[in-house]
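This is what each chain is made of:
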Amino acid sequence: MTDSKKTLCPYCGVGCGLEVSPPAQPGKPVNRDSQGYPSWKVQGDRNHPSSQGMVCVKGATIAESLNKDRLLYPMMRETLDQPFRRVTWDEALDAIVNRIQTVRYTQGADSICMYGSGQFQTEDYYVAQKLIKGCLGTNNFDANSRLCMSSAVSGYIQSFGADGPPCCYDDLELTNCAFLIGTNTAECHPIVFNRLRKYHKKNSGKVKMIVVDPRRTTTAEAADLHLAIKPGTDIDLMNGIAYLLLRWGYIDHQFIDECTANFPAYAEVISQYPPDYVAKKCGIELADLETAARYWGQSKSVLSMWSMGINQSSEGTAKVQTINNLHLMTGQIGKPGAGPFSLTGQPNAMGGREAGGLCHILPGYRMVKNPQHRAEIEELWGLPTGRIAAKPGLSVWEMIEGLETGKVGFLWVAATNPAVSMPDLERTKKALLRSPFTVYQDAYYPTETAAYAHVLLPAAQWSEKTGTMTNSERRVTLCSAFRDRPGETKADWEIFAEVGRLLGFTEQFKFTNSAEVYAEFVRLTKNRPCDMTGLSHEKLNTQGPQQWPCPADGNLVEGAPARLYTDNRFHTPDGRARFAAYHSRGLAEPPDPDYPFVLTVGRLYGHWHTQTRTGRIEKITQMHPHPFIEIHPRDAAKLSIQEEELVEVRSRRGFARFPAKITKNISPGTVFVPMHWGALWAKDAEANVLTHPEACPVSLEPELKACAVQLAKVTADNLSADTLLISPKSSMLSASPSV
Ligand SMILES: Nc1nc2c(c(=O)[nH]1)N[C@H]1C(S)=C(S)[C@@H](COP(=O)(O)OP(=O)(O)OC[C@H]3O[C@@H](n4cnc5c(=O)[nH]c(N)nc54)[C@H](O)[C@@H]3O)O[C@H]1N2
Ligand SMILES: Nc1nc2c(c(=O)[nH]1)N[C@H]1C(S)=C(S)[C@@H](COP(=O)(O)OP(=O)(O)OC[C@H]3O[C@@H](n4cnc5c(=O)[nH]c(N)nc54)[C@H](O)[C@@H]3O)O[C@H]1N2
Ligand code: SF4
Ligand SMILES: [Mo]
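What you are looking at is a predicted structure, and each value in this text was computed from that prediction instead of being measured. (Residues numbered from 1 in each chain as written. Chains lettered and ligands numbered in written order. Predicted model: local features only at pLDDT ≥ 70, side-chain atom pairs only at ≥ 80, totals over all residues. Heavy atoms only, no water.)

1. Quick word on the side chain of Arg104
Note the threshold: Segments assigned H or I by DSSP are reported as helices when at least four residues long, segments assigned E as strands when at least two residues long, and all are numbered from the N terminus. Throughout this description, buried means an accessible area under 20% of the type-specific maximum (1.4 Å probe, protein chains only), exposed means over 50%, and partly exposed covers the range between. Lys and Arg are tallied as positive, Asp and Glu as negative. Neither His nor the chain termini are counted. Here a salt bridge means any side-chain nitrogen of Lys or Arg lying within 4 Å of a carboxyl oxygen belonging to Asp or Glu. Throughout, a contact is declared for two residues whenever any of their heavy atoms are within 4.5 Å.
By the element assignment, Arg104 lies in helix α2 (residues 89-106). There is no salt bridge for the buried Arg104, and the closest opposite charge comes from Asp110, which lies 10 Å off by N-O distance. Beyond its immediate stretch of four places on either side in the chain, Arg104 contacts Ala109, Ile112, Cys135, Leu136 and Phe505.

This is the structure in structure tokens:
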């Protein structure tokens with residue numbers, strides 16, 4: 001086979017189209033990666049409407065990570081202090097099924113939990129929902145989107161009556177003002193940023209770009225206006241902008257009157273945010289606040305984009321609704337170049353939302369709490385009435401608490417690495433150690449979480465399984481398998497279906513391929529906001545990526561509206577969008593004399609999360625060789641810290657050490673650490689040992705973006721940046737994970 005294949009980049013939610021070609025081409029030497037494995041060539045797919053041929057370094061190098069350090073066979077052990085032994089799939093699945101049955105009948109179905117991931121394909125998500133929520137009758141399925149997009153989900157639902165980003169990427173080149181808040185788009189959504197930056201440059205002066213971020217990121221550097229607010233003051237800032245818009249008369253009265261509800265309560269709240277108060281609270285210049293409000297008010301269209309600087313907050317839902325408020329008061333939604341646009345983190349967090357992949361939702365943008373929604377799904381799944389539990393399941397942090405109390409008897413973790421990415425990591429790890437039975441299903445070995453597993457299941461990953469993913473602009477792309485599966489790996493959905501059949505649900509899991517899974521899933525979206533009944537693997541294969549809504553009777557290629565709410569009707573009972581009146585509450589753990597700095601944790605351009613793939617790509621490890629902490633020169637001077645010297649960072653929960661990177665790009669009083677180095681990659685440099693689990697009461701998303709810390713220079717002279725680094729291969733690969 002020498003033909004190239006079209007697929008989607010499996011890293012971030014931008015969802016760039018890729019074209020991959022086989023390692024062997026006639027008349028050419030076989031293309032090989034740095035370890036000598038034959039390697040597929042990757043380039044951007046020029047015909048993919050979202051990315052138009054562009055890719056960033058992660059997409060471009062993905063093929064190099066596909067063979068290295070894979071988990072190839074099921075493995076098992078009785079207790080966590082034993083080494084793993086290789087077992088057959090039959091043995092592993094028998095152990096899992098026996099354990100599920102025991103827990104079901106002794107502790108009840110609500111003691112069974114699954115923690116999944118926005119890196120599942122939609123088919124994986126869907127089959128998992130059917131197994132856990134449908135057949136087993138517990139809503140204890142949560143995903144790492146709880147740490148990521150759940151505030152956006154609840155913010156959209158509260159404001160507009162349904163989830164779903166209303167905009168599309170073409171809006172990047174149609175807007176008069178881009179308002180980027182809590183997003184380092186240049187590093188984390190690079191191709192979205194490339195499109196925006198190109199257009200912004202070309203229309204210099206005419207098109208404005210505002211960036212709101214406590215750090216002067218690469219994104220902020222490209223902006224006309226950078227508002228380096230104090231962490232956690234976003235609501236103050238936006239209420240302050242709203243105050244000025246109202247005072248200066250830049251509001252859309254007709255839209256407010258005809259299409260919204262609750263404006264008076266909101267107007268009352270924003271009247272308490274005069275500019276001098278807001279500028280002081282946010283730590284910015286009054287003139288800059290006024291400029292931001294002027295850009296908002298005078299632009300024909302405004303496109304807001306946000307990501308984790310907004311969502312990962314103890315008031316995440318309120319922050320998202322506060323963004324939505326600005327759009328509602330100015331009528332900036334449902335038209336070209338305008339709207340609130342959450343930039344999705346993971347490649348298929350959107351598909352997860354569609355398939356009901358969080359503990360409070362069901363497939364087809366349905367809610368667990370809605371009796372009619374439950375009944376519809378029960379009927380479609382051929383299950384008795386009342387099988388789907390009426391109350392939402394455990395969120396992932398509640399699962400951790402459930403392990404602590406002994407409530408959780410069975411934990412199944414797939415496609416996420418919680419022993420790095422969860423908040424309050426020492427507590428998380430202690431809870432994982434108490435788990436009576438943990439199944440961990442991943443593509444790589446070792447990862448940090450493998451050390452906490454009783455059973456390891458080898459997953460086939462992107463390139464080895466066929467399924468769909470939806471990107472931030474609601475565009476669905478089929479990712480076809482193009483490589484052989486290594487070892488005994490299986491697709492996630494196949495594993496879930498097999499367990500379902502072994503549990504006796506043979507009718508429910510008759511699927512023989514992922515196209516059948518998808519066909520069943522799209523039937524459940526009929527007449528829902530995310531209607532995809534017009535889609536199938538075959539159509540996506542022949543007609544290319546498609547946006548939803550895409551009903552069966554719609555015209556596939558031109559019919560899908562690029563934007564939601566173009567008719568100004570929302571998914572609420574009266575069709576009106578809701579203003580939300582929120583005062584700012586600030587950080588859950590503000591700095592104090594004992595812990596005087598705010599620590600914020602985020603991402604770097606080249607690395608992906610816990611490095612299971614990017615840590616194995618030379619080009620990327622050279623780009624980001626080791627962890628670090630960004631400190632303002634003034635703070636560094638106060639603590640006598642020099643560049644590259646080790647800094648010990650303590651919070652109320654733990655400590656870590658990082659070499660100092662002294663830079664004016666961070667505000668005084670704030671420090672920044674990247675999230676990418678877990679225990680397998682560096683010693684004592686785990687950011688999440690420091691963070692806390694206080695979460696937004698509505699979205700249950702933890703405030704991973706801010707906690708209070710103290711800093712001290714490490715005086716021992718035998719410690720340097722290099723002594724921090726570990727090679728996971730040398731430390732773990734031959735040995736079994738130990739605890
Ligand atoms: N290179 C790379 N790209 C990725 C990923 C990756 O691992 N690596 N992961 C993907 C995923 S899953 C996600 S969720 C996205 C995340 O994408 P982003 O959210 O853009 O990335 P982060 O670096 O987590 O955080 C963004 C910014 O929030 C700022 N911030 C912190 N506190 C506040 C605050 O109180 N207010 C405001 N306004 N800003 C604040 C930080 O300084 C930081 O620059 O990236 C996706 N893309
Ligand atoms: N302090 C702090 N903490 C954070 C964040 C932050 O900004 N600050 N961000 C949070 C956010 S937004 C996110 S999304 C999380 C991310 O955190 P994680 O989800 O823990 O990070 P990943 O490294 O992406 O883990 C994905 C795992 O899935 C495996 N995998 C890949 N493909 C497949 C597949 O097809 N099947 C299976 N079974 N496995 C597969 C990979 O090998 C990897 O081990 O971290 C969260 N934690
Ligand atoms: S921008 Fe995101 S989707 Fe596009 S190539 Fe980079 S990581 Fe992949
Ligand atoms: Mo994320």
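Structure shown, so let's carry the discussion forward.
2. Here's the deal with the packing of helix α17 (residues 396-405) against helix α19 (residues 425-433)
Condition: Helix axes are fitted only over the stretch in contact, all axes being lines through C-alpha atoms; the angle between N-to-C directions runs from 0 to 180 degrees. Convention used here: angles under 35 degrees read as roughly parallel, angles over 145 as roughly antiparallel, angles from 65 to 115 as roughly perpendicular, and any remaining angle as oblique. What makes a crossing left-handed is the near helix being turned counterclockwise from the far one by less than a right angle; a clockwise turn instead makes it right-handed. Note that Gly is not counted as nonpolar here; it falls among the polar residues with everything else outside the nonpolar set of Ala, Val, Leu, Ile, Met, Phe, Trp, Tyr, Cys and Pro and the charged set of Asp, Glu, Lys and Arg.
Axis separation between α17 and α19 bottoms out at 8 Å; the angle between their running directions is 55 degrees. Of the possible angle classes, the one that applies to α17 and α19 is oblique. Considering how the two elements wind past one another, α17 and α19 form a crossing that is left-handed. Residues Trp397, Ile400, Glu401, Leu403 and Glu404 of α17 lie in contact with α19, whose contacting residues are Arg427, Thr428, Ala431 and Leu432. Residue composition of the contact of α17 with α19, grouped by class: five nonpolar, one polar and three charged.

3. Topic: the packing of aromatic side chains
Rule in force here: Between the rings of Phe, Tyr and Trp (Trp by its six-membered ring), a pair exists once the centres lie within 6.5 Å; its type follows the angle of the planes, with under 30 degrees stacked, over 60 edge-to-face, and the other angles tilted.
The full count for this structure, using the stated rule, is 25 aromatic pairs. Geometrically, the ring pair formed by Tyr156 and Phe160 is tilted, given 6.2 Å between the ring centres and 35 degrees between the ring planes. One end of the pair is Tyr156 and the other is Phe160, both in helix α4 (residues 150-160) and four residues apart, which spans about a single turn. There is no split in this pair, since Tyr156 and Phe160 are both buried. Taken together, a centroid distance of 5.0 Å and an interplanar angle of 20 degrees make the contact between Tyr266 and Phe579 stacked. Taken together, the residues span a long stretch of sequence, with Tyr266 in helix α10 (residues 263-270) and Phe579 in the loop between β22 (577-578) and β23 (597-602) at a distance of 313 residues. Comparing Tyr266 with Phe579, the two get one shared label, buried.

4. What about helix α8 (residues 234-247)?
Every α-helical turn comprises 3.6 residues, leaving residues that sit three or four positions apart pointing alike. Filter applied, for reference: By definition here, a helix of n residues has an expected span of 1.5 Å times n minus one.
In a regular helix each residue adds 1.5 Å, so 14 residues correspond to 20 Å; α8 covers 20 Å between its end C-alpha atoms and thus fits that length. Within α8, eleven of the 14 residues are buried, which leaves the element mostly enclosed by the surrounding structure. Of the positions making up α8, those classed as buried are Asp234, Ile235, Asp236, Leu237, Met238, Asn239, Gly240, Ile241, Ala242, Leu244 and Leu245.

5. Here we look at the pattern of salt bridges
Here the structure, examined in full by the defined rule, presents 34 salt bridges. Put simply, Arg366 and Glu376 hold a salt bridge, and the shortest N to O gap is 2.7 Å. A residue pair is termed long-range when its members are at least 10 positions apart, and Arg366 in strand β15 (residues 366-367) and Glu376 in helix α16 (residues 371-381) qualify at ten residues. Residue classification places Glu376 among the partly exposed residues on the basis of a relative accessible area of 24%. Note that Lys465 is salt-bridged to Asp492, the shortest N-O span being 2.8 Å. Of this pair, Lys465 sits in the loop between β18 (455-458) and β19 (467-470) while Asp492 sits in helix α20 (residues 492-502), and the two are 27 residues apart along the sequence. You can call Lys465 buried: its relative accessible area is 5%. Counted as one network, the salt bridges with shared partners bring together Glu589, Asp592, Arg652 and Arg653.

6. Quick word on the site of ligand 3
Stated formally: Throughout, near means a residue has at least one heavy atom within 4 Å of the molecule or strand.
Around ligand 3 sit Cys9, Tyr11, Cys12, Gly15, Cys16, Val55, Cys56, Lys58, Gly59, Pro190 and Ile191, and those are all the residues in its vicinity. Put simply, the parts of the chain that give the shell around ligand 3 at least two residues each are α1 (57-61) and α6 (190-202). Across the shell around ligand 3, the residue classes tally to eight nonpolar, two polar and one charged.

7. Structural notes on the sheet that holds strand β7 (residues 141-143)
Two pairing modes exist for strands in a sheet, parallel and antiparallel, and in both the strands are linked by backbone hydrogen bonds. For the record, the criterion: Only strands that DSSP links by at least two bridges are regarded as paired with each other.
Taken together, the seven strands give an open sheet; going across it, the order is β5-β4-β18-β17-β16-β6-β7, and neighbouring strands pair in mixed fashion. The open sheet terminates on both sides in strands that have one partner only, identified here as β5 (85-86) and β7. As paired elements, strand β6 (residues 112-116) and β7 share three bridges and run parallel to each other. Looking at the pairing, Met114 lines up with Phe141 of β7.

8. Considering the domain arrangement of the protein chain
Frequently, the measure chosen for interface size is the accessible area removed from exposure when the parts meet. Condition: Segmentation into domains, and thus their bounds, comes from an automatic or database assignment. Summed over both partners, buried area is the accessible surface (1.4 Å probe) that two parts give up on being assembled. Two N or O atoms count as a polar contact when they lie within 3.5 Å, although within protein this holds only if one can serve as hydrogen donor and the other as acceptor, and sequence-adjacent residues are included solely when both atoms are side-chain atoms.
Domain assignment breaks the protein chain into domain 1 (1-68), domain 2 (75-148 + 359-526), domain 3 (153-342) and domain 4 (597-734). Of note, the centres of domain 1 and domain 2, computed from C-alpha atoms alone, are 29 Å apart. Summing both partners gives a buried area of about 1500 Å² for domain 1 against domain 2, and 59% of it is carried by carbon and sulfur. Along the contact surface separating domain 1 from domain 2 lie ten residue pairs in polar contact (both at pLDDT 80 or more). For the side of domain 1 that touches domain 2, the secondary-structure elements that each account for two or more residues are β1 (5-8) and β2 (17-21). It is β1 that provides the largest number of residues to the side of domain 1 that touches domain 2, a total of four residues. Looking at side-chain class alone, the side of domain 1 that touches domain 2 contains ten nonpolar, seven polar and three charged residues.

9. Focus: the pairing of strand β12 (residues 302-306)
Summarising burial for β12: five of the five residues are buried, a large majority. On β12, burial covers both faces: Val302, Ser304 and Trp306 on one face and Leu303 and Met305 on the other are all buried. With five bridges connecting them, strand β8 (residues 177-181) and β12 associate as parallel partners. Along β12, the bridge assignment pairs Ile181 with Trp306.

10. Section: unusual backbone geometry
The omega torsion across Tyr445 and Pro446 is 0 degrees, close enough to zero to call that bond cis. Mapped onto the elements of the fold, Pro446 is located in the loop between β17 (438-442) and β18. Cis geometry marks the peptide bond from Trp548 to Pro549; its omega dihedral reads 5 degrees. Within the element layout of this structure, Pro549 appears in the loop between β21 (546-547) and α23 (556-559).

11. A word on the sheet that holds strand β3 (residues 41-44)
In space, the three strands of this open sheet follow the order β1-β2-β3, with antiparallel pairing throughout. On the outer flanks of this sheet lie β1 and β3, each paired with one strand and no other. Each strand axis lies, on average, 35 degrees off the axis of its neighbour in the sheet, ignoring direction. Of the strand pairs in this sheet, β2 and β3 are connected by four bridges, and their pairing is antiparallel. Residue pairing for β3: Ser21 is matched across the bridge by Lys41.

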